[in-house]
Amino acid sequence: MSSFKSRKTPTKAAARGGVARRRKHRRIALLSNQAEEHRDWCQLHYPALTQKELDDRFQQGRPNGVVAQPYPGLANLRNTCYVNAVCQALLHCDAVRNWLATDNLASRIAEDDARDFLQALQNLSHTLQDGVQTATGDPPVRFSVWSPHALLDAFLRWHWQNQHDASEALGKQHDAREVLERILKTTDMGNQLFDTGMLHTSRSDFISLPAFAQDGWWYQHFTSERQVINMRDSLAAGFARLQEKLQLLPLLLAVIVPPFAHDADDTTICLNSQDIRTDWGDCKLDLKEHFTGHPAERVNAEYRLAAYVAYIGDEDVAPSWSFIRGHFVTYFCEGDRWYKADDSTVQSTDMNGAPPSAFPYLCIFQRCDYTAAMPWAPTQAVSYTHLRAHETRED
């Protein structure tokens with residue numbers, strides 16, 4: 001009697017089930033590796049913390065349970081909101097995403113640390129938009145929250161040449177403006193996307209509105225009975241007080257709004273976004289009167305607010321000339337809706353398309369005639385892919 005045993009050919013359903021299981025295992029392995037990298041980073045950079053403090057640091061920025069977010073958030077790695085906020089503002093500008101997708105972009109940068117940071121920023125942009133593919137043919141793994149430790153490492157190495165200074169910088173409050181300035185200057189993003197052509201200012205890739213003048217214009221504009229500021233009128237008044245007008249019309253316009261002002265009694269007032277509200281109207285900024293370039297281009301001197309960073313200061317901190325203690329958040333517009341990115345949490349403002357009312361600090365405007373090249377639609381389905389592998393679910 002023959003001992004040969006026939007082997008049954010698996011059915012199509014069984015084969016599909018096997019493929020699904022292998023994909024799930026690869027997803028779990030990817031998420032486990034990400035969690036391990038995140039934990040190792042925390043242990044390396046915060047050796048003085050107790051185990052409980054390390055566990056809390058590891059968990060910080062991670063949503064509890066299952067969270068459906070329209071866009072990925074960035075975990076706060078101990079007072080790193082100043083980096084997270086600027087990155088979210090930039091990456092939610094279509095022109096920036098399109099520029100970062102350029103081939104061999106980092107190879108054009110001569111400085112090693114700056115090139116590494118630009119590459120990390122490109123990787124972050126790709127990961128947040130497209131997820132991470134575990135194998136050929138697998139759908140990408142998308143994240144509700146991403147730990148930006150690789151980007152932060154590259155930023156610290158680039159910003160603080162001394163490793164000791166970089167380590168000391170962790171956990172301290174820094175200014176989001178400093179991050180924006182460094183990114184625009186060293187990655188060449190400023191020349192490519194933000195250059196205004198202005199020659200008599202310290203920087204031509206962003207506009208810093210004058211905070212103080214003898215007529216007290218800025219104080220007069222932000223005070224009102226209801227503490228609501230007409231931002232379009234206030235910004236237009238600020239542009240009128242600049243030393244020169246726009247020479248070029250960049251795709252993106254970075255505007256620094258004065259965070260402090262003097263009142264009539266010469267008292268310093270901190271313009272805290274939780275105390276003062278703004279009215280953006282239709283979010284457009286008409287700069288035709290503030291442009292001295294070719295007359296034929298003047299018709300394009302109209303911008304629309306794309307994103308801005310707001311500063312929320314602690315109420316018990318007296319106003320000063322630097323950000324002592326507080327928090328940076330980002331508001332951005334994708335499509336016709338506004339969203340708020342507060343480190344790991346990203347949610348719709350639910351204002352029927354109207355812009356937020358929080359007072360701005362760093363504003364990014366996009367030219368109205370710009371056509372989106374890389375639109376980023378919000379996630380429609382629930383995303384279960386947090387950093388913890390055991391929270392993974394099949395889509």
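Everything discussed here concerns the structure shown above.
Let me sum up the structure you'll find in this document. (Residues numbered from 1 in each chain as written. Predicted model: local features only at pLDDT ≥ 70, side-chain atom pairs only at ≥ 80, totals over all residues. Heavy atoms only, no water.)

### Structural notes on helix α5 (residues 112-130)
No. 1: End to end, α5 covers 27 Å across 19 residues, agreeing with the expected 27 Å (1.5 Å per residue, within 8%).
No. 2: Along α5, the positions that sit buried rather than exposed are A114, F117, L118, A120, L121, Q122, L124, S125, T127, L128 and Q129.
No. 3: Where α5 ends, the next residue or the one after it, G131, has phi of about 80 degrees, a positive value. (Helix = DSSP H or I, 4+ residues; strand = E, 2+ residues; numbered from the N terminus. Expected span 1.5 Å × (residues − 1). Buried < 20%, exposed > 50% of the residue type's maximum accessible area, 1.4 Å probe, protein only.)

### Overview of the nonpolar core
No. 1: With 70 residues, the main nonpolar core has L90, L100, L121, I183, M189, F194 and F328 as its most contacted residues.
No. 2: By residue number, the principal contributor to this core is helix α3 (residues 81-91), which donates nine residues.
No. 3: Setting aside residues no more than four positions away along its own chain, I183 makes contact with V86, L90, F117, L121, W158, D188 and M189.
No. 4: Residues M198, F239, L253 and Y303 belong to the second largest nonpolar core, which totals 31 residues. (Core = buried A, V, L, I, M, F, W, Y, C linked by side-chain atoms within 4.5 Å. Contact = heavy atoms within 4.5 Å.)

### Here's the deal with the packing of aromatic side chains
No. 1: In the structure shown here, the tally under the stated rule is 12 aromatic pairs.
No. 2: Considering the side-chain rings of Y71 and W376, the 5.1 Å spacing of their centres and the 85 degrees angle between planes classify their relative orientation as edge-to-face. Note that Y71 is positioned in the loop between α2 (51-59) and β1 (73-74) and W376 in the segment after β14 (362-367), a separation of 305 residues in sequence. The pair formed by Y71 and W376 is uniform in burial state, with each residue classed as buried.
No. 3: Of the aromatic side chains, those joined through ring pairs into one cluster are W280, Y308, Y331, W338 and F365. (Phe/Tyr/Trp six-rings, centres within 6.5 Å; stacked < 30°, edge-to-face > 60°.)

### Let's talk about unusual backbone geometry
No. 1: Phi is positive for D188, close to 75 degrees, though the residue is something other than glycine.
No. 2: Tracing the backbone through its elements, the reader meets D188 in the loop between α8 (176-186) and α9 (189-194).
No. 3: Of note in the backbone geometry, D343 takes a positive phi value of approximately 55 degrees without being a glycine.
No. 4: Since its relative accessible area comes to 9%, D343 is described here as buried.

### Description of the pairing of strand β11 (residues 326-334)
No. 1: In terms of residue burial, β11 counts as a mostly covered element, since seven of its nine residues are buried.
No. 2: In the sheet, strand β10 (residues 302-313) pairs with β11 via seven bridges, with the strands oriented antiparallel. Across the sheet, V309 pairs through a bridge with T330, a residue of β11.
No. 3: Of the pairings in the sheet, the one linking β11 to strand β12 (residues 337-342) comprises five bridges and is antiparallel in character. Following the sheet pairing, Y331 is matched in β12 by K340.
No. 4: Once β11 ends, the chain turns through two residues before running back antiparallel as β12, passing G335 with a positive phi of about 70 degrees. (Pairing = 2+ DSSP bridges.)

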